[in-house]
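Fold and contact review
Here are the chains, one letter per residue:
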Amino acid sequence: MLFPSGEFLFVYLPIVLAGFFLFARLAGAQVAAAWLALSSFFFYGFWRIEDLPLLAGSIAFNYFAGSLIQRAPEAPVSSRSVLILAISVNLLLLAYFKYSNFLLESATALLGVGVKSVDVTLPIGISFFTFTQIAYLVDSYAGKVRERNPLHYALFVTYFPHLIAGPVLHHAEMMPQFARSETYRPRVMLMVLGLAFLAVGLAKKVLVADSAAPFANALFDAAGNQSVNTAEAWHGVLAYTIQIYYDFSGYSDMAVGLSLLFGVRLPYNFDSPYKARSIVDFWRRWHMTLSRFLRDYLYVALGGNRRGVARRYLNLGITMLLGGLWHGASWTFVVWGGLHGAFLVINHGWRHLRHRIANRLLWSESPTLRPVGDALALALTLTCVMVAWVFFRAASVEDAAKILLAMFGSIGGASPGVAETGPNNWVWLAISLAFAIIAPNSQQMIDGRLRPRLERLAASPAGDLGTGAAMGATVVTIVMLAFISASRDVSEFIYFNF
Amino acid sequence: MKQRRFVGVFTGFAFGIILALATLEGLLRLLPIQGGIHAADPNDRWPIHHMEAHADVHWSAGWNLTNPTRRRTNNLGYAAPFDYASGARIVAVMGDSYVESVMNPYESTVQAQLERLLGGAIPVYNFGIGGSSLPDYLGMATFLNREFVVERLVVVVGEGDFVEGFRPQPGHFFWSPHDSRLVELQPDAFRDPVRKALRKLALLRYARGNLRLSANALFKSRPSTRTSECGAADLLGGDRELIRGFIDALPTAYGLSPERIVVLFDSESQRRTMYDPNAARRDAVACPTRDGRVLELLASEARRAGVQVVHLAPTFRRHFTTSGERVDHSPNDWHWNAVGHRIAATAAFDKMGTKAAGGHAATQSLLRP
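The following refers to the structure shown. (Residues numbered from 1 in each chain as written. Chains lettered and ligands numbered in written order. Predicted model: local features only at pLDDT ≥ 70, side-chain atom pairs only at ≥ 80, totals over all residues. Heavy atoms only, no water.)

With that out of the way, let us pick up the overall build of chain B. A tally of regular secondary structure across chain B gives 15 helices and nine strands. Here chain B, with 369 residues, has 49% of them falling under the buried criterion. Within chain B, residue pairs in contact and separated by at least 24 positions form 74% of the contacts whose partners lie at least 6 positions apart. Per element, the accessible surface of chain B, about 17600 Å² overall, is 56% carbon and sulfur. (Helix = DSSP H or I, 4+ residues; strand = E, 2+ residues; numbered from the N terminus. Buried < 20%, exposed > 50% of the residue type's maximum accessible area, 1.4 Å probe, protein only. Contact = heavy atoms within 4.5 Å. Areas by Shrake-Rupley, 256 points an atom, 1.4 Å probe, with all protein chains shown as cover.)

Residue and element names in this part refer to chain B. Counted at 1.5 Å a residue, the expected span for helix H14 (residues 338–351) with its 14 residues is 20 Å, and the 20 Å between its end C-alpha atoms agrees. Every buried residue of H14 is accounted for by Val339, Gly340, His341, Ile343, Ala344, Ala345, Ala347, Ala348 and Phe349. Just past H14, the residue Gly353 takes up positive phi, approximately 70°. (Expected span 1.5 Å × (residues − 1).)

On to the nonpolar core, then. Membership of the largest hydrophobic core comes to 169 residues, with the highest contact counts inside it found for A:Phe8, A:Phe262, A:Tyr274, A:Trp286, A:Trp389 and A:Tyr495. Of all the elements, helix H9 (residues 188–222) of chain A adds the most residues to this core, at 19 residues. In this structure A:Phe8 touches A:Met1, A:Leu2, A:Phe3, A:Leu13, A:Pro14, A:Phe43, A:Phe160 and A:Leu258, once residues within four positions along its chain are discounted. One finds B:Tyr78, B:Ala92, B:Tyr137 and B:Val307 within the second-largest nonpolar core, a separate group that totals 56 residues. (Core = buried A, V, L, I, M, F, W, Y, C linked by side-chain atoms within 4.5 Å.)

Our next topic: empty space enclosed by the protein. Residues and elements named next belong to chain A. Taken as a whole and assessed by the stated rule, the structure comprises five cavities of 30 Å³ or more. Considered as a void within the structure, the second largest cavity measures approximately 70 Å³ in volume. Along the wall of the second largest cavity there are 13 residues; nearest its centre are Ser249, Asp253, Phe270, Ser442 and Gln443. Those elements that place two or more of their residues in the lining of the second largest cavity are helix H10 (230–261) and helix H18 (442–459). In terms of residues, the lining of the second largest cavity owes the most to one element, H10, which gives five residues. Grouping the constituent residues of the lining of the second largest cavity by class yields four nonpolar, seven polar and two charged. (1 Å grid on protein atoms, 1.4 Å probe; cavity = no way out; pocket = protein on both sides within 12 Å on 5 of 7 lines; lining within 4 Å. Points joined across faces, edges and corners; volume = space filled by probe spheres on them. Nonpolar A, V, L, I, M, F, W, Y, C, P; charged D, E, K, R; others polar.)

Moving on to the packing of helix H9 (residues 239–254) of chain B against helix H12 (residues 290–305) of chain B. All names here are of chain B. Running from N to C, H9 and H12 cross one another at 40°; their axes reach a closest spacing of 9 Å. Classified by the angle their axes make, H9 and H12 are oblique. Judged by the sense of rotation from one axis to the other, the crossing of H9 with H12 is right-handed. The segment H9 lies against H12, with Asp239, Arg240, Ile243, Arg244, Phe246, Ile247 and Asp248 engaging Arg290, Val294, Leu297, Leu298, Glu301, Ala302, Arg304 and Ala305. Its residues placed into classes, the contact of H9 with H12 shows eight nonpolar, no polar and seven charged. (Axes fitted to C-alpha atoms, helices over the stretch in contact; angles between N-to-C directions. Parallel < 35°, antiparallel > 145°, perpendicular 65-115°, else oblique. Left-handed = near helix turned anticlockwise from the far one by under 90°.)

Residues and elements named next belong to chain B. For strand E8 (residues 261–265), the tally of buried residues reaches five of five residues, placing the bulk of the element in the interior. Side-chain alternation along E8 places Ile261, Val263 and Phe265 on one buried face and Val262 and Leu264 on a second face that is also buried. Here strand E5 (residues 149–157) pairs with E8 via five bridges, running parallel. When the sheet's bridge partners are listed, Val156 is paired in E8 with Leu264. Two strands pair when backbone bridges link them, and E8 and strand E9 (residues 308–311) are joined in this way by four bridges, in the parallel orientation. Bridge pairing in E9 links Val263 to Val309. (Pairing = 2+ DSSP bridges.)

Residue and element names in this part refer to chain B. Taken together, the five strands give an open sheet; going across it, the order is E4-E3-E5-E8-E9, and neighbouring strands pair in parallel fashion. Two strands close off the open sheet at either side, each with one partner strand: strand E4 (124–126) and E9. Across the sheet, the mean angle from the axis of one strand to that of its neighbour is 20°, orientation sign disregarded. Note: strand E3 (residues 89–94) against E5, six bridges, orientation parallel.

Where the residue is not glycine, phi is negative for most of them; where a peptide bond is considered, it is trans in most cases. A cis amide bond links B:Ser330 with the next residue in sequence, B:Pro331, at an omega value of 5°. Looking at where B:Pro331 falls in the secondary structure, it is placed in the loop between helix H13 (312–323) and H14. The residue A:Ser272 is not glycine, and still its phi comes out positive at about 50°. Relative to the helices and strands, A:Ser272 is located in the loop between H10 and helix H11 (279–285).

Moving on, we come to the packing of aromatic side chains. Considering all chains together, one arrives at 76 aromatic pairs over all chains under this definition. Ring centres of A:Phe131 and A:Trp326 lie 5.6 Å apart, and the angle between their planes is 40°; on these two criteria the pair is classed as tilted. Here A:Trp326 lies in helix H13 (residues 309–327) and A:Phe131 lies in helix H5 (residues 126–141), a separation of 195 residues in the sequence. Residue classification places A:Phe131 among the buried positions, given a relative accessible area of 10%. Their ring planes at 90° and their centres at 5.4 Å tell us that B:Tyr125 and B:Phe148 sit as a pair that is edge-to-face. (Phe/Tyr/Trp six-rings, centres within 6.5 Å; stacked < 30°, edge-to-face > 60°.)

Residues and elements named next belong to chain A. Between H10 and helix H15 (residues 369–393), the shortest axis-to-axis distance is 9 Å and the interhelical angle comes to 90°. Here H15 runs roughly perpendicular to H10, going by the angle between their axes. Contacts from Trp234, Val237, Leu238, Tyr240, Thr241 and Ile244 in H10 reach Leu382, Met386, Trp389, Val390, Phe392 and Arg393 in H15. Tallied by class, the residues present in the contact of H10 with H15 amount to ten nonpolar, one polar and one charged.

This is the structure:
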């Protein structure tokens, strides 16, 4: 069930939402939580019912391991041993489902020995629920969380707005919300805001990401068979740059919005990443919950910046390489991660250098030159990000190299099959990119601007009427967007593959 | 207090929905959305499905209203910028929405381009209506012969044209289940005034026309997975006889010798494969279907009977490979564009055996001996 589909929006969501508040009112919060957890299991099983035992087993195992860690003094084994064992089991499971064939193929290529591939299907969302639970185990070990209620734990992991493609959650930011009694009462204001997030996310996905996808697909599909020219390469890569941002941030907005309908706030995952003026800044704005996870549980665990400059850069490189590999079992993701690692190291090096010579730099304080410097920094950051996206999207490193060669010099003729790169398409792509760079993002629009206005409206004599009207109008917008989505080929969210 | 709040929110909610719908309706009325099919009420002179006479036809494709086109119907309710003159000697072009071609300016259509190739000396009338199928092309002969003198016939056949003929639709011919007749006319129906009024709503026209909204489309949730295995595609009992009967009856029905009939075969699935850059890598081929097999049979039977047959797929492929130019409005709309229509018109013209003669001589050769 995709969020923009009719069966999700018009059947699943209304039933689950109505059931949640009805059970909460008639039978209490525990039953409502159980209903939500069961509904989330159903949501997961709807994708591939065969994966359901894996999810249930993973939850049971990690809950048990977490309980052992939390009961450290009384537990028969040391909490550290349990932590190491539990993380190993999680990683082995992920490795088996996600990386076994990649490892076998790589070993075959390196050693020249033919090894048969394993017949395994990647369970949807495994990377997300594994990371969420590893974070829980580590936080349990650090004494940051205590969870005695298996139902709440199951709900924390399976909660359907985030289950398939994040955000990657911390136990500590979710469980207090499930424990609050007001969560189980419908709150009109949160519902309007939730619907607004849902509408904005849907619009991003349906109107922009799905429109850019054919241009990107045409280039990356063609790259495997034929040469592409410079204009086609830039056109396709720009289209993918737009597609992945609007697709993933659209999904994240929908997740935030859906969760708000249930009175639960999820963390934001994006903060206008294409406004970034450096790669360091980019990673503070892109897939923020994964960046947070990688920083807290990998980079810091490796020593972070506590062991000197060289070690810091090495840790950064390792973190980004593994971050790349987390996305998929392919060398293209390793290269993507490696590239970002290298960009980050260069960025940190440059910052260090700039700090030393800042006074001598002409533009650092000049009111006229500074905006030029900022624009150049934004353009350079975006170009680096786009270059890396080529590896992220390409089917192979060879295809990626072919596209990069086309982007930066090698000029071929027109290639049948690659999307038309007419002026209208360029203008449309440019507008979409400009919007991502200039316009306020979803949380700025909804939480920053809409919310205060709604609160003022709610406080006025016609408050109920006004908020109700806002809700009705947003529902019509959502229905219309769902209709538009239905009129096109079904396209999954990009991050559902990870 | 709680109840009052609930009533307030609920009233506001309903008001918000109405306001948003009214705003959308107003907005869509300003935009070039599809005008919908304004089917004419049935009449005895022309009881087959056609559009209202002298009416505007607005077309655009997809949610984002690409390729907006404005056309007009003529006195007989077909999309053409001139009235059809009763008793005229004509070249008739039969087909479905590909021939109706409301997504192209009239000058780009196969009928207009063919008329130009023929030097303009004989009018080319199109009788294309969306939803038509093989039985229509045969059944309409009676009415065409009653109104016009058909000198040549061009039939555009596409995928689905055989199997769609088994579903009786108001105003359309269908394969007759009775042995005595090959095709039968499903009587056209008067349109309900309520439905007529509803069809004027821009929201409905946008949903049905541009978005092609249906319950199936709305409740699909997974990407279509094309497997390498194809389903069964065998002919059913009676298919062969129907096709033989059709091809034998066609020249007689129009009173034409078989070589005066050109059948143009198009394949959307082959065009889809043609544009797919990974098709070669995947060794992709369009899956055979019952309809596809029947159309193959139709082509061979037509050749046997002396009818002129053109498969457009190889010509389309050649054109795309050499120029990179698409022959249709894909990916939003798979109907032919001006290029596709030009290729089809040239192919029909070539088969008419008049290319060398040209001009007036061509016209002479078109007329019956």
